[in-house]
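For reference, the chains in residue letters:
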Amino acid sequence: MKFKFCSEGDCPLWALAALHALGALPAQLFRTLLHHITEEQPDDGIMEILKNTNLSSREESARAAAVIRWTLQQAQRCGCSGVQLARDLLVLGVPRAHAAAFAEAADNTREAYVDNAREKALFVNKLTDITTASGPDGTIDVVKVTLNSEEVFSGEQRITDLLVDKSMLKTLLEELKAARMKMEEISTEVNDSQNL
C-alpha cells in the first residue's frame, strides 16, 4: 500500500514491526513515551518508562524510540498532516489512541520542524574556517586546503584536507564567487517576495 508519511510508498517492515510492538502499550504509557521523546529528553528515561512492559530491554527500548522519531520525521518531511498520519497509521493496524497521539505530536512539532528546515535545510555542513598551506613534500604546484566544518544537525567538528593544483585555484575561486553572487540574488528575491 501507499502511505503519505512514507513518501507515497510502503511502510518499511522494521517500522511496521516496531509500530505493532508499540501498539501493545497502554494508551497513557504510550503518550508518556511519546511526550518524553518529542521533548528531546535523555534517552535513559525511555527504559524507565518502559520498565514493566515487553519493550523493557535496551534493544526494544531503542527500537521503540527510533520508530517514534522516524514516524514523526517522515510525517514532517512528507508534509503529512496529523489527520493524514492518523489515517495511515490506522490502516497499518496502530490502535486508535496511539494514532491520535502520533497525530497530535506531529501537529505540535510541525512549526519547530519547519523553522529548523528553513534555517538549515540546504546545509550539509557549516563551514567554520579555511586554511591553506604548501602541498606535502614531493608534490609540485599543489596547495593543501584545509576545510573546518561543523555538522549542522549533530554539531560534530570535521576537518577535510584537499590537495588542489595551483592552476585550478583561480578557477575554483571564480566558481565560488559566482555561486555566492547567485545565492545573494536568490536571497534578495526571496526577501522581496516576503515583503509583498
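Residues numbered from 1 in each chain as written. Predicted model: local features only at pLDDT ≥ 70, side-chain atom pairs only at ≥ 80, totals over all residues. Heavy atoms only, no water.

- The name given to the chain in an unreviewed UniProt entry is COMM domain-containing protein 4, and the organism recorded there is Papilio xuthus.

### Re the environment of Arg31
- On the secondary structure map, Arg31 appears in helix H2 (residues 27–38).
- Spatially, the C-alpha atom of Arg31 lies 6.4 Å from that of Ala101, the residues being 70 residues apart in sequence. (Helix = DSSP H or I, 4+ residues; strand = E, 2+ residues; numbered from the N terminus.)

### Some details on the side chain of Thr71
- Examined against the element boundaries, Thr71 turns out to sit in helix H4 (residues 58–77).
- At 2.7 Å, the side chain of Thr71 forms a polar contact with the backbone oxygen of Val67. (Polar contact = N/O pair within 3.5 Å; in protein donor to acceptor, adjacent residues only side chain to side chain.)

### Notes on unusual backbone geometry
- Of note in the backbone geometry, Glu8 takes a positive phi value of approximately 60° without being a glycine.
- Position of Glu8 relative to the elements: it lies in the segment before helix H1 (13–22).
- According to the relative accessible area criterion, Glu8 is partly exposed, its value standing at 45%.
- Backbone geometry places Asp141, a non-glycine residue, at a positive phi of 55°.
- Under the relative-accessibility criterion, Asp141 is labelled partly exposed at 47%. (Buried < 20%, exposed > 50% of the residue type's maximum accessible area, 1.4 Å probe, protein only.)

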